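# Working through the structure, step by step
Residues per chain are reported as follows:
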Amino acid sequence: MAPRVLICGNMSDPHVELIASEIAELGGRYDLLEESTLPYTFRGHVIESRTGHVTRSLRYRGRSFQPTRYAGAYLRHIDTEAWELPDELSADDCEALVMAWISFVREVLEAAIPRLINPMEASLTNFYKPLQLDCLARAGFHVPRSLLTCDPDAARRFIAKYRGRVIFKSASGVRSIVRLVRDEDLERLELLHKSPSLFQEFIEGTHARVHCVGNRVFGVGIKATAVDYRYSGGPRGRRAFFPLRIPDSVKSNCITVSRMLGMNFSGVDLIITRAKKWYALEVNPDPAFSWFQRASGVRISKGVAEYLMGLRD
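Let me begin by describing the structure that accompanies this report. (Residues numbered from 1 in each chain as written. Predicted model: local features only at pLDDT ≥ 70, side-chain atom pairs only at ≥ 80, totals over all residues. Heavy atoms only, no water.)

## Regarding the side chain of serine 36
Of note, serine 36 is situated in the loop between strand S2 (29–34) and helix H2 (38–41). Note on serine 36: relative accessible area 5%, which makes it buried. When neighbours within four sequence positions are excluded, serine 36 is seen to be in contact with Asn10, Ile78, Ala82, Trp83 and Glu84. (Helix = DSSP H or I, 4+ residues; strand = E, 2+ residues; numbered from the N terminus. Buried < 20%, exposed > 50% of the residue type's maximum accessible area, 1.4 Å probe, protein only. Contact = heavy atoms within 4.5 Å.)

Encoded structure:
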């Protein structure tokens, strides 16, 4: 019987569409949990006995839902705004309802499906970058010397120590544009009292994104004129993606840190210096791989599908 994979998300997401296409091409089957309509289409009844035995009765779109039938599950959550919720609910109520549903569905799936991308606990590591930096160092990577602080004076000392060649960014999973500290930024350091930021020595070199899928890695190199290559594609910047061969030692480090953080699929951001040192910056638990795949030709989606179907470890 062909392996069956569960996808939770929305087919308008290019990542979901790519994974679904790869599963079909490999001869597998997939079912889609349309996340935006879960409060109206998914029903769950959970009973726990006095001895701790849990019995679940689940239905999706009027049919019995059996999570144990799936070899793997790809969870790609959509934004809160895309959920179909009553208009009278406040923004806070909507967010609370969405999180309650995601938590419930994840609890059901994580207890029954062996290959999950990714468990909730692994995804939460994205909200504290210093934890990731510690794991990256313990996995064998070089990491930039860093300072997480809300103290303006500490930030000034750190910037002076590295002669102004320092970048700053968010310490959480909130996206921020990474850039070098400029003179005008020094005047804004007092704002650190309101929100801590992560400062790091600037590492110059070629960027790399390594996607780890189980025990396999898919490397993409990026040459860009901007410090943050994600914002280097405009008329004033240049950016080029290319397939990148990853040394065995770096492969091992990437897989090691992914396992340390509990991830079955990750995107590890690296910089390769002229001296061929591989510096690691962070680990993405829900990598937006379609951008790298489209630009480089590296077929990451096939690797993900093969892992979910149990065809490759």
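## What about helix H9 (residues 289–296)?
Residues of H9 that are buried: Phe289, Ser290, Phe292, Gln293 and Ser296. Looking down the long axis of H9, one finds its buried residues gathered within 165 degrees of arc, a one-sided arrangement. Note on H9: the residue one or two positions beyond its end, glycine 297, has a positive phi of about 85 degrees. (Arc of directions from axis to C-beta.)

## Observations concerning the sheet that holds strand S6 (residues 72–75)
One open sheet accounts for four strands, arranged S2-S1-S6-S7; its pairing is parallel. In the strand order of this sheet, the two ends are held by S2 and strand S7 (115–117), each with one partner. Along the sheet, successive strands turn relative to each other by an average axial angle of 15 degrees, direction set aside. Where S6 and S7 come together, three bridges link them in parallel fashion. Across the sheet, residue glycine 72 finds its bridge partner in S7, namely arginine 115. Where helix H1 (residues 14–25) meets the sheet, it contacts strand S1 (4–9), S2 and S6, and its direction lies at approximately 170 degrees from that of S1. (Pairing = 2+ DSSP bridges. Axes fitted to C-alpha atoms, helices over the stretch in contact; angles between N-to-C directions.)

## Some details on unusual backbone geometry
For the bond running from isoleucine 117 to asparagine 118, omega is -10 degrees, close enough to zero to count as cis. Within the secondary structure, asparagine 118 sits in the loop between S7 and helix H4 (120–123). Not every positive phi belongs to a glycine, and arginine 163 is a case in point at roughly 55 degrees. Tracing the backbone shows arginine 163 in the loop between helix H6 (152–161) and strand S9 (166–169). The backbone phi angle of lysine 276 is positive, close to 65 degrees, even though this residue is not glycine. Within the secondary structure layout, lysine 276 lies in the loop between strand S15 (265–272) and strand S16 (278–284).

## Examining the environment of histidine 142
Residue placement: histidine 142 occurs in the loop between helix H5 (129–138) and strand S8 (146–149). With 128 residues separating them along the chain, histidine 142 and leucine 270 place their C-alpha atoms 9.6 Å apart. Filtering out sequence-adjacent residues up to four positions away, histidine 142 remains in contact with Lys277, Trp278, Tyr279 and Ala280.

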